[in-house]
Amino acid sequence: MNSPQRANAPLVEAEQLSKYFDLGGGQRVHAVEDVSLAVAPREIVGLVGESGSGKSTFGKTLLGLYPKSAGRVRYRGEALPGRYSPADFRRLAKKMQMIFQDPYASLNPRMTVGEIIGEGLRLHTDLPKPEINRRVAAWLDRVGLTGDHGSRYPHEFSGGQRQRIGIARALILEPEFVVCDEPVSALDVSVQAQVVNLLGELKESLGLTLLFIAHDLSMVRHVSDRMAVMYLGSLVEIGAADAVYFEPKHPYTELLVGSNPEPDPKAERARGAVEAQGEIPSPVNIPPGCRFAGRCPKVMDICRQSTPELTPLRDANRLVACHLYA
Ligand code: SF4
């Protein structure tokens, strides 16, 4: 079990949150297992890990897009229901939103951009149509598009523009908490920085709180206050973003940092790196003990017998789940 990990008066808090997918025949995917993570108001927490680590599933379970299997989600201290009713969705959509990974797939091709951006206001508020149109026009401008873009369709836009449309769609309801699920990984490198900078500006001007899911550690370090590292559905390390990036403690974080190219040679030398073998194993039949034991270059006998818990190091803000630090 991961130890609860709290910030002061968190805006959103997962407590031992788990999400399983039943496959039938008694088998189930342990996509998210016993994850505790608190996000403070106006904080950006970066969530990193390889594909299949459970990052997106955690984000969607946190927002109620997937019903949770166990644990709790609190919003401003209020425990949210395990399965949302339409009324819950209507109420919570104004507080919590998601920006999706794939701007190509997440926009309805039969709706105009103006209809897409204004849909949340139509569904979740009683605003009159002229006011909705006014706000849509303001948001088009705010994300760097123009008023006449509102009457066009998604296929007429580039990937970066479509993600700007996705950002406007998520933020027009003025949510406090936004899960950004790999918001730039489907974009050309040349436009990734533009979209990240736009998110940073909007975070500052709107006072947003973000969970920023990505696999590019240097980008996550750049935008995040804290970084949380997920492996096979569990958190293995949490700490200040710079500290986790430049002084990784968990062998899996060392692997991730070491495999993430760093353009600055000085920063490259400042990092530690270890070699790990193999790929992330199946989340269906998870062996006992540390989930990383099969790939860890520092594995010990105890690692295959006992599951390490997230434990504070000397710096109480850094938590690591590894027997090396027990
Ligand atoms: Fe490696 Fe053991 Fe630490 Fe797991 S608990 S990361 S196997 S040293």
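You'll find the structure just up there.
Calculation notes
Throughout this document, residue positions are counted from 1 along each chain, in the order its sequence is written. In view of the model being predicted, local features appear only for residues whose pLDDT reaches at least 70, and side-chain atom pairs are presented and counted only at 80 or more, with totals across whole chains, interfaces and linings using the full set of residues. Derived side-chain values reflect all non-hydrogen atoms in the structure, with water molecules and hydrogen atoms excluded from consideration. Following DSSP output, two strands are said to pair if at least two bridges run between them. The secondary structure listing takes helices from DSSP runs of H or I that are at least 4 residues long and strands from runs of E that are at least 2 residues long, numbered from the N terminus. Throughout, a residue-residue contact means that at least one pair of heavy atoms, one from each residue, lies within 4.5 Å. Axis lines are fitted through C-alpha atoms, for helices just across the contact stretch, and the angle between N-to-C directions can take any value from 0 to 180 degrees. Here, proximity means that at least one heavy atom of the residue falls within 4 Å of the molecule or strand. Detection works on a 1 Å grid of protein atoms alone, calling trapped sets that fit a 1.4 Å probe cavities and calling open sets with protein on both sides within 12 Å along at least five of seven lines pockets, with lining residues defined by an atom within 4 Å of a point. Grid points define the cavity or pocket, and a molecule sits in it when more than half of its atoms lie within 2 Å of them. Under this grouping Gly is polar, as are all residues other than the nonpolar Ala, Val, Leu, Ile, Met, Phe, Trp, Tyr, Cys and Pro and the charged Asp, Glu, Lys and Arg. Think of it in three bands: with a 1.4 Å probe and only protein chains considered, a residue is buried below 20% of the maximum accessible area for its type, exposed above 50%, and partly exposed in between. Nitrogen and oxygen atoms within 3.5 Å of one another constitute a polar contact, given that in protein one can donate a hydrogen and the other can accept it, and given that sequence-neighbouring residues count only through two side-chain atoms. For salt bridges, the criterion is a side-chain nitrogen of Lys or Arg within 4 Å of an Asp or Glu carboxyl oxygen. Grid points are joined across faces, edges and corners, and a volume is the space filled by probe spheres set on the points. Positive charges are assigned to Lys and Arg, negative charges to Asp and Glu, while His and the chain termini are left out of the count. Surface patches are defined over residues having more than 30% relative accessible area and no salt bridge, joining like charges when they lie within 9 Å and nonpolar side chains (Val, Leu, Ile, Met, Phe, Trp, Tyr) when within 5 Å. Per-residue accessibility takes into account occlusion by the displayed protein chains alone, with areas from the Shrake-Rupley method and a 1.4 Å probe.

Enquirer: Would you mind showing me how to read the sheet that holds strand E3 (residues 44-48) here?
Expert: The strands making up a sheet associate through backbone hydrogen bonding, with each pair oriented either parallel or antiparallel. Sheet architecture is open: eight strands sit in the order E6-E7-E8-E3-E9-E10-E12-E11, paired in mixed fashion. Where the open sheet ends on each side, the last strands, each with one partner, are strand E6 (96-99) and strand E11 (311-312). Pairing geometry for E11 and strand E12 (residues 319-320), over two bridges, is antiparallel. In the sheet register, Thr 311 faces E12, and the bridge partner there is Val 320. Across the sheet, helix H6 (residues 189-206) is in contact with E3, E6, strand E7 (177-181) and strand E8 (209-213); its angle to E8 comes to roughly 160 degrees. Seen against the sheet, helix H9 (residues 251-258) touches E3, strand E9 (226-231) and strand E10 (234-240) and runs at an angle of roughly 105 degrees to E9.

Enquirer: In this structure, what is going on with the sheet that holds strand E4 (residues 70-75)? I would like to understand it.
Expert: An order of E2-E1-E4-E5 is seen for the four strands of this open sheet, with the pairing classed as antiparallel. The open sheet terminates on both sides in strands that have one partner only, identified here as strand E2 (27-39) and strand E5 (78-79). Across the sheet, helix H1 (residues 55-62) lies against strand E1 (12-24), E2 and E4, angled at about 115 degrees from E1, the strand it touches most.

Enquirer: Where do I start with the site of the ligand in this structure?
Expert: Around the ligand there are 13 residues in total, and Cys 290, Cys 296, Cys 303, Cys 322 and His 323 lie nearest to it. Placement of the ligand is best described as lying within the largest cavity. Grouping the constituent residues of the shell around the ligand by class yields 10 nonpolar, two polar and one charged.

Enquirer: Mind showing me how you'd approach the pairing of E1 here?
Expert: Each regular strand displays side chains that alternate between the two surfaces of the sheet. With nine bridges joining them, E1 and E2 adopt antiparallel strand pairing. By the bridge assignment, Glu 13 is partnered in E2 with Ala 38. Counted along the chain from E1 to the antiparallel partner E2, the turn is two residues long, and its residue Gly 25 has a positive phi close to 65 degrees. As defined by bridge partners, E1 adjoins E4 across five bridges and the pair is classed as antiparallel. Pairing of Glu 13 across the sheet is with Arg 74, part of E4.

Enquirer: When you look at the environment of Ala 170 in this model, what are you seeing that I'm missing?
Expert: Inspection of the secondary structure puts Ala 170 in helix H5 (residues 159-171). The buried category is assigned to Ala 170, whose relative accessible area is 2%.

Enquirer: Any chance you could explain the side chain of Gln 97 here in plain terms?
Expert: Residue placement: Gln 97 occurs in strand E6. On the basis of relative accessible area, Gln 97 is assigned to the buried category, the value being 15%. Here Ala 93 takes part through its backbone oxygen, which lies 3.0 Å from a polar atom of the side chain of Gln 97. The residues touching Gln 97, leaving out its near neighbours within four places in the chain, are Leu 63, Ala 170, Leu 173, Pro 175, Phe 177, Val 178 and Val 179.

Enquirer: Is there a simple way to think about the pattern of salt bridges in this case?
Expert: Side chains carrying opposite charge are able to pair once their charged atoms draw close together. Taken as a whole, this structure holds 16 salt bridges when the rule is applied. Between Arg 72 and Glu 15 there is a salt bridge whose closest N-O contact spans 2.7 Å. Residue Arg 72 is found in strand E4, and its partner Glu 15 is found in strand E1; the two are separated by 57 residues along the sequence. Residue Arg 72 is classed as partly exposed on the basis of its relative accessible area of 37%. Residue Glu 15 is classed as buried on the basis of its relative accessible area, which comes to 12%.

Enquirer: Quick question: what am I supposed to make of the layout of surface pockets here?
Expert: The rolling of a water-molecule-sized probe over the atoms marks out the regions of remaining empty space. Volume-wise, the largest pocket comes out at about 420 Å³. For the lining of the largest pocket, the per-class residue count stands at 13 nonpolar, three polar and two charged. Here the second largest pocket is characterised by a volume of approximately 270 Å³. Together, 20 residues line the second largest pocket, and Ser 234, Gly 289, Arg 291, Thr 307 and Pro 308 are the ones closest to its centre. If you list the elements that add at least two residues to the lining of the second largest pocket, you get E2 and E10. Examining the composition of the lining of the second largest pocket, we find that three residues originate from one element, E10, more than from any other. Counted by class, the lining of the second largest pocket contains 11 nonpolar, five polar and four charged residues.

Enquirer: Even after reading the chapter, I still don't get the side chain of Asp 181, so can you show me in this structure?
Expert: Relative to the helices and strands, Asp 181 is located in strand E7. Although Asp 181 is buried, it makes no salt bridge; Lys 60 carries the closest opposite charge, 4.4 Å away. Every residue in contact with Asp 181, bar those within four places of it in the chain, is listed here: Ser 56, Lys 60, Met 98, Ile 99, Phe 100, Gln 101 and Ile 213.

Enquirer: Would you take a moment to explain a nonpolar patch on the surface for this structure?
Expert: Taken together, Met 300, Ile 302, Leu 324 and Tyr 325 make up a surface patch of nonpolar side chains, about 300 Å² in accessible area. Summarising the element assignment, Ile 302 is placed in the loop between helix H10 (265-270) and E11. Among the residues examined, Ile 302 registers a relative accessible area of 38% and is labelled partly exposed.

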